[in-house]
Amino acid sequence: MNDQDILFLKSKLDDCPTVKNSEQLDHLVLTASRDQAEQIRQSSRAKPWVLINRFAAVGLAVVITLSSLVVMKLAVQPEEPLTAAQEPVQSLRYVSKPPSIDSILSQYRIEKPERSVATKLPPTQLERDIILKELGLPDPRVLIAQLNSGQADQVRQAEADMALAFNDIEALISEGELDIARSRYNNLLSQCQGCGLPSSLEALLIETSLQSLARALPG
Amino acid sequence: MRRRSSKNRMNLFGDKKVSDEKLLRAFARGNADAFEVLYRRHKQAVYHFLFRQMDKHSVCEELAQDAWMAVIRQAGQYENSARFKTWLFRIAHNKLIDYWRRQKHRSKVSVVDEIDQLAVTQDRSDESLQLKELSKQLNELAPEQLSTLLLKIEGFSYNEIADITEAKKETVKSRLRYATKHLRLSMEAAL
């Protein structure tokens, strides 16, 4: 396609007087931009202690959320079978001679508990939806910071892709369009194969929550 | 007298020498006038891009609004990894893709309906027939080919189109080649 073709097509398509957006759209967008600019100006004028209070409140909310996640995680972990703990006690009652080394070792043998069926099954669609709705998306800047710093071009490209994709995914989740949000994440994944992103959106959310938890808990 | 009026400030930003990127950074620091200049520079191009691939003004307005709102929200995160215009069209393109996914299929009437409306009020000159035929042929292209062609018409490079449509440069070239060939053949046959 040469420049002449392009100019021809452009002149033809631009020659369509009814193709323009409404004044209402102009008004909406410009009003939103003024509101946003006002918010930016106000936030830049905010006193430091207001910011500190805000961070403290957000931090507390994060800790509470993550603590509840830990409790939930512990609640679904399988318990060790009771028999493993009871055997040594029962054997002591009937001891009539010194125990052999084998019997001692057998008492201390810990059998790995079977994982419950529930933990082996993949999450249901309902569970996956709940994960998307309940766990917040990570800040793309955190993920970008984890990228391989050796490939500057890819990192720059990934920065733009991630910022856009995460914004869209967040909007789609808030609109209830969970499948499209997943699809958008998969697109990002295929475009950014060297980024080390988890294989699904749910996995990313869970992984990010657990990382935040690890950072938040002492020790 | 020390404070400049809003109109004067608009004139300063309205100067073509002020780049889009500088305007966006000014907006990210809280300058609403800078955004207004940016919006007026590109609103028509974005709307045309969406409308030529869309079937209704109302949907087009909604998508354009979503795209500009995303620009407003993400202005602080914008970095100079791409031209502002490329970034803007990528957002608009993504909004369009999301819409198509929601609809599961794509309408093929779009611009043709618009031209039909024009034909009622205007003489059916050769010029309008040619435009109508061109619009019809554009709408027969595959969505990806049409997006690619419209972006090329808008002045983007192959690399920028690849960036916007999340495709490889070779794919962009191939789509463009096919679209051009299809248009040329069909226009020659029709006119």
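Counting restarts for each chain: residues are numbered from 1 in the order of the written sequence. Each chain gets a letter, beginning with A, and each ligand a number, beginning with 1, in the order they are written. Residues qualify for local features only when their pLDDT is at least 70, as the model is predicted, and side-chain atom pairs are given and counted only at 80 or more; totals for whole chains, interfaces and linings, by contrast, use all residues.

1. Structural notes on the overall build of chain A
Moving on, step 1. By the criteria applied, helices consist of DSSP H or I runs no shorter than four residues and strands consist of E runs no shorter than two, each listed in order from the N terminus. Scanning chain A from terminus to terminus reveals eleven helices and zero strands.
Moving on, step 2. Secondary structure elements in chain A, listed N-terminal to C-terminal, are α-α-α-α-α-α-α-α-α-α-α.
Moving on, step 3. Note on burial: count the other C-beta atoms lying within 10 Å of the residue's C-beta; 20 or more is buried, 12 or fewer is exposed, in between is partly exposed, and C-beta positions come from the backbone. Buried residues in chain A amount to 13% of all 219 residues.
Moving on, step 4. Intrachain contacts of chain A at a sequence separation of at least 6 include 64% that bridge at least 24 residues. Any residue pair is listed as a contact if its two C-beta atoms, each placed from the backbone, are within 7 Å.

2. Here we look at the overall build of chain B
Moving on, step 1. Secondary structure assignment for chain B yields ten helices and zero strands.
Moving on, step 2. Starting at the N terminus and ending at the C terminus, chain B contains elements arranged as α-α-α-α-α-α-α-α-α-α.
Moving on, step 3. For chain B, the residues scored as buried account for 37% of the 191 residues in total.
Moving on, step 4. Partitioning the contacts of chain B with sequence separation of at least 6, the portion at a separation of at least 24 is 62%.

3. Topic: the interface of chain A and chain B
Moving on, step 1. On the chain B side, the residues contacting the 38 residues of chain A number 43 residues.
Moving on, step 2. If you list the elements that add at least two residues to the side of chain A that touches chain B, you get helix H1 (3-14), helix H2 (23-45), helix H9 (152-174) and helix H10 (178-191) of chain A.
Moving on, step 3. Per element, the largest residue contribution to the side of chain A that touches chain B is twelve residues, and it comes from H2 of chain A.
Moving on, step 4. When residues are sorted by character, Ala, Val, Leu, Ile, Met, Phe, Trp, Tyr, Cys and Pro go into the nonpolar class, Asp, Glu, Lys and Arg into the charged class, and all the rest, Gly among them, into the polar class. Partitioned by chemical class, the residues of the side of chain A that touches chain B number 17 nonpolar, eleven polar and ten charged.

4. Re the packing of helix H5 (residues 84-103) of chain B against helix H9 (residues 158-165) of chain B
Residues and elements named next belong to chain B.
Moving on, step 1. The interhelical angle for the contact between H5 and H9, taken along N-to-C directions, is 40°, at an axis separation of 8 Å. At the point where H5 passes H9, the crossing takes the right-handed sense. Along its contact with H5, which presents Thr86, Phe89, Arg90 and His93, the element H9 presents Glu160, Asp163, Ile164 and Thr165. Only C-alpha atoms enter the line fits that serve as axes; for helices the fit covers just the stretch in contact. Angles between N-to-C directions range over 0 to 180 degrees. Each crossing gets its handedness from the near helix: less than a right angle anticlockwise from the far helix is left-handed, clockwise is right-handed.

5. Comments concerning unusual backbone geometry
Moving on, step 1. Residues other than glycine seldom take positive phi values, yet Glu166 of chain B does so here, at roughly 55°.
Moving on, step 2. Under the C-beta neighbour-count criterion, Glu166 of chain B is labelled partly exposed, with 18 such atoms within 10 Å.

6. Observations concerning the environment of Arg175 of chain B
Residues and elements named next belong to chain B.
Moving on, step 1. One can find Arg175 in helix H10 (residues 169-190).
Moving on, step 2. Judged by the 22 C-beta atoms lying within 10 Å of it, Arg175 is buried.
Moving on, step 3. Residues Arg175 and Leu149, spaced 26 residues apart in sequence, show a C-alpha to C-alpha distance of 8.0 Å.
Moving on, step 4. Those residues in contact with Arg175 that lie beyond four places of it in its chain are Glu144, Gln145 and Thr148.

7. What to know about the nonpolar core
Within soluble globular proteins, side chains that are nonpolar tend to cluster in buried spots.
Moving on, step 1. Joined through C-beta atoms within 7 Å, a set of buried Ala, Val, Leu, Ile, Met, Phe, Trp, Tyr and Cys residues constitutes a nonpolar core. One finds Phe27, Val46, Leu50, Ala64, Ala67, Leu88 and Ala92 of chain B to be the most contacted residues of the largest nonpolar core, which totals 66 residues.
Moving on, step 2. In this structure Leu50 of chain B touches Cys60, Leu63, Ala64, Ala92 and Leu96 of chain B, once residues within four positions along its chain are discounted.

8. Things to note about the environment of Met162 of chain A
All names here are of chain A.
Moving on, step 1. Of note, Met162 is situated in helix H9.
Moving on, step 2. Sequence-wise, Met162 and Leu188 are 26 residues apart; in three dimensions their C-alpha atoms are separated by 7.2 Å.
Moving on, step 3. Contact partners of Met162, with chain neighbours within four places excluded, come to Pro140, Leu143, Ile144 and Leu188.

9. Regarding the confidence of the model for chain A
Should pLDDT be low for a region, the predicted coordinates there are not to be read in detail.
Moving on, step 1. Values of pLDDT, ranging from 0 to 100, describe the predictor's confidence in every residue of the model. In the predicted model, chain A carries a mean pLDDT of 73, and the fraction of residues at 70 or more is 65%.
Moving on, step 2. Under a pLDDT of 50 for its full length, residues 108-112 of chain A has, in the predicted model, two contacts with residues more than four places off or in other chains.

10. Points about the environment of Ile72 of chain B
Moving on, step 1. If you trace the backbone, Ile72 of chain B turns up in helix H4 (residues 57-74).
Moving on, step 2. Taking the C-alpha atoms as reference, Ile72 of chain B lies 8.4 Å from Phe35 of chain B; in sequence the two are 37 residues apart.
Moving on, step 3. Once residues within four sequence positions are removed from consideration, Ile72 of chain B is found in contact with Ala32, Ser33 and Gln36 of chain A.

11. As for the packing of H4 of chain B against H5 of chain B
Residues and elements named next belong to chain B.
Moving on, step 1. Contact pair H4 / H5: the axes reach a minimum separation of 9 Å and the direction vectors enclose 135°. With respect to H5, the axis of H4 lies oblique. Both H4 and H5 take part in a crossing whose hand is right-handed. For the pair formed by H4 and H5, the contact residues are Val59, Leu63, Asp66, Ala67, Ala70 and Val71 on the first element and Leu88, Ile91, Ala92, Lys95, Leu96 and Tyr99 on the second.
Moving on, step 2. Looking at the contact of H4 with H5, its residues break down into ten nonpolar, no polar and two charged. Throughout, the term roughly parallel applies to angles under 35 degrees, roughly antiparallel to angles over 145, roughly perpendicular to angles from 65 to 115, and oblique to all others.

12. Regarding the confidence of the model for chain B
All names here are of chain B.
Moving on, step 1. Counting all residues, the mean pLDDT for chain B is 79, and 75% of those residues have values of 70 or more.
Moving on, step 2. When the criterion is pLDDT under 50, residues 1-5 qualifies, and its contacts beyond four places in sequence or with other chains add up to one contact.
Moving on, step 3. This model gives residues 108-124 a pLDDT under 50, and the stretch forms 28 contacts once residues within four places in sequence are excluded.
Moving on, step 4. At the level of chain-chain contacts, confidence expressed as ipTM amounts to 0.74, with global pTM at 0.58.

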